[in-house]
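Here's the letter readout for the chains.
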Amino acid sequence: MASTGRSGDVTAQRRPTPRGLVAAYLFVFALIAGSAGVVLGDLVDAQAPRSTNGAATASPVSSASAAAVPTEPAPVQALPLPPRPPPSLGFRKLPSEEVAAMIEITADGLRLPRISPSGWMPWIAHARRFDPSAGAPARLGLLMINVGLNEPAMRKAIEELPPEVSLAFLPGTPDLPRWLQQARAFGHETYLMLPMDDPAVGERGLRPIEAAADAAENLKRLRAILARGEGYVGLVIAAPARPALGEGVLRPLVKEIADRGLALIEINPTAGPASIQRLTEELGVGYARSTDVLDYKLAGDGVVGNLDRLAAWVAESAPDRAPRHAFGVAQPDEEAIVSLRGWYKGQEARTDVSMVPIIGHFECRDACLNRMRAQPAQLRP
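Residues numbered from 1 in each chain as written. Predicted model: local features only at pLDDT ≥ 70, side-chain atom pairs only at ≥ 80, totals over all residues. Heavy atoms only, no water.

## Here's the deal with the overall build of the chain
Then, number 1: Counting secondary structure elements, the chain contains 14 helices and eleven strands.
Then, number 2: Relative to its 381 residues, the chain shows a buried fraction of 37%.
Then, number 3: Taking all contacts inside the chain whose residues are at least 6 apart in sequence as the whole, residues at least 24 apart take part in 70%.
Then, number 4: On the chain, roughly 21,800 Å² of surface is accessible, and the fraction owed to carbon and sulfur atoms is 58%. (Helix = DSSP H or I, 4+ residues; strand = E, 2+ residues; numbered from the N terminus. Buried < 20%, exposed > 50% of the residue type's maximum accessible area, 1.4 Å probe, protein only. Contact = heavy atoms within 4.5 Å. Areas by Shrake-Rupley, 256 points an atom, 1.4 Å probe, with all protein chains shown as cover.)

Below, the structure written as structure tokens:
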């Protein structure tokens, strides 16, 4: 009896009570719910957008906030750079005070070239240097005149022609000092055209030299032209369509050019010495003259054909005479510029002719040499 009672007690203890069953069910349900929450959370997290900086996104960005977010700037297309000038080859590097000493400031504010107190003459100081002992003794050059009438052609001539090509600018060219500096930066020797009976120049505010004007008026006009820029070698006179000016008109002008240490170039296709040449010999002016017009509009065989013919003539040698030298003249026409650039490139290997700037074609007669001997260092190549 006693044992049967103990067995019944044990059985009673193993039977779960209703309260225990409820607790067990709740525990199992909680486990199932927790597992489902983890799985569901992973799925939601996989579909939700992630912040690039690791921070949780609290809410969608409003339209006002989106407008405030800076957008990626559009790519900026760089403007094409102008051609880089080559190193300033062939020019003397004078002290700034020496360069300033070659400028005279007149009472009416004009800045005019002059011979410096130490003896430097602008036509030597500003010329492109070359070594006369290097290369073939026969010399060939090119002068492009009337530069500045058309800005695109002027820019093309400065930037694309070889530095041995010298440039003569119209004095009425707008912003002339800047263009003169640009030409020098590309290695070109520069000159100013001296207008004579040229109405086109008068339209730009400069009056040309005229036979009808008296000497004082023509000198005033010359000085107005000289003051248009700085750093040029001298002046270029192109033979006018009507008869050349007489010696009485030219003498005070050439004397002024000589006194200011400038050189003079004459373009004159006529034979024999002209009055300008005689005055330069008397007054001691560096002088050069050309009778060769290469412009295809004025001569028969085009620029290249005429230049070929001139080069062949210069290259001819003979034991009984000195080597020849000559320079041709061309207008700043785009077609001429392209032709000359190609022609020069084809002459790089030539050994019978030296390509030199116009300074290499100057004559310096006795009076000129006497002035030069005061500063012999200026004559060194």
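## What to know about the side chain of Q347
Then, number 1: With respect to the element layout, Q347 can be found in the loop between α13 (334-345) and β11 (354-355).
Then, number 2: Only 2.8 Å separates the side chain of Q347 from the side chain of R350, close enough to count as a polar contact. (Polar contact = N/O pair within 3.5 Å; in protein donor to acceptor, adjacent residues only side chain to side chain.)

## Focus on the state of the cysteines
Then, number 1: Tallying each qualifying case throughout the model produces one disulfide.
Then, number 2: Paired by a disulfide, C364 and C368 hold their sulfur atoms 1.9 Å apart. Every disulfide takes its handedness from the sign of the S-S torsion; for C364 and C368 that torsion is -90°, giving left-handed.
Then, number 3: Taking the relative accessible area as the measure of exposure, C364 reaches 23% and is therefore partly exposed. (Disulfide = S-S within 2.5 Å.)

## Some thoughts on the pattern of salt bridges
Then, number 1: Scanning the entire structure with this criterion turns up 17 salt bridges.
Then, number 2: When the shortest N-O distance is used, the salt bridge between E256 and R260 registers 2.7 Å.
Then, number 3: Under the relative-accessibility criterion, R260 is labelled buried at 9%.
Then, number 4: Residue R365 is joined to E281 by a salt bridge in which the shortest nitrogen-to-oxygen separation is 3.2 Å. Placement of the pair is R365 in the loop between β11 and α14 (366-372) and E281 in helix α11 (residues 275-283), with a sequence separation of 84 residues.
Then, number 5: When its relative accessible area of 32% is taken as the criterion, E281 is described as partly exposed.
Then, number 6: Each of E104, R223, E256 and R260 takes part in a single network of salt bridges with overlapping partners. (Salt bridge = Lys/Arg side-chain N within 4 Å of Asp/Glu carboxyl O.)

## Here we look at helix α9 (residues 215-226)
Then, number 1: Between its terminal C-alpha atoms α9 stretches 16 Å, which fits the 16 Å expected from twelve residues at 1.5 Å a residue.
Then, number 2: Within the sequence span of α9, burial applies to N218, L219, R221, L222, I225 and L226. For α9, the buried positions fall inside an angular range of 160° around the axis, keeping them on one side. In α9, the exposed positions angled more than 90 degrees off the buried face are occupied by A216 and K220.
Then, number 3: Where α9 is buried, its residues meet β2 (111-113), β5 (190-193), β6 (234-238) and α10 (247-259). (Expected span 1.5 Å × (residues − 1). Arc of directions from axis to C-beta.)

## A closer look at the packing of helix α12 (residues 302-315) against α13
Then, number 1: In the contact formed by α12 and α13, the axes pass within 9 Å of each other and the chain directions differ by 40°. Between α12 and α13, the angle is such that the two are oblique. Relative to α13, α12 is oriented so that their crossing is right-handed. When α12 is examined against α13, the residues V303, V304, L307, D308 and A311 are found in contact with a partner set consisting of A336, S339, L340 and W343.
Then, number 2: Residue composition of the contact of α12 with α13, grouped by class: seven nonpolar, one polar and one charged. (Axes fitted to C-alpha atoms, helices over the stretch in contact; angles between N-to-C directions. Parallel < 35°, antiparallel > 145°, perpendicular 65-115°, else oblique. Left-handed = near helix turned anticlockwise from the far one by under 90°. Nonpolar A, V, L, I, M, F, W, Y, C, P; charged D, E, K, R; others polar.)

## A look at unusual backbone geometry
Then, number 1: Of note, N146 is a non-glycine position whose phi angle comes to about 60°, a positive value.
Then, number 2: For N146, the position within the fold is in strand β3 (residues 139-147).
Then, number 3: For N146, a relative accessible area of 21% puts it in the partly exposed group.

## Here's the deal with the environment of R207
Then, number 1: Looking at the element boundaries, R207 is found in the loop between α8 (199-202) and α9.
Then, number 2: The exposed category is assigned to R207, whose relative accessible area is 53%.
Then, number 3: Separated by eleven residues in sequence, R207 and N218 place their C-alpha atoms 9.0 Å apart.
Then, number 4: For R207, the contacting residues outside a window of four places in its chain are E217, R221 and I225.

## A word on the pairing of strand β4 (residues 166-169)
Then, number 1: Side chains of β4 alternate between two faces, with S166 and A168 and L167 and F169 buried alike.
Then, number 2: Pairing of β3 with β4, which is carried by three bridges, proceeds in the parallel orientation. Bridge pairing links L143 to S166 in β4.
Then, number 3: With helix α6 (residues 151-160) bridging β3 and its parallel neighbour β4, the resulting β-α-β unit is right-handed. (Pairing = 2+ DSSP bridges. Right-handed = clockwise from strand over helix to strand, strands pointing away.)

## Concerning the environment of A168
Then, number 1: Along the chain, A168 turns up in strand β4.
Then, number 2: Through-space distance from the C-alpha of A168 to that of L180 is 9.6 Å; in sequence the pair is twelve residues apart.
Then, number 3: With near-sequence residues (within four places) excluded, A168 lies in contact with L143, M144, I145, N146, V147, Y191, M193 and V236.

## Structural notes on the packing of α6 against α13
Then, number 1: In the contact formed by α6 and α13, the axes pass within 10 Å of each other and the chain directions differ by 10°. In terms of their interaxial angle, α6 and α13 are classed as roughly parallel. Note on element contacts: α13 touches α6 through E334, I337, V338 and R341, opposite A153, K156, A157 and E160.
Then, number 2: Considered class by class, the residues forming the contact of α6 with α13 number four nonpolar, no polar and four charged.

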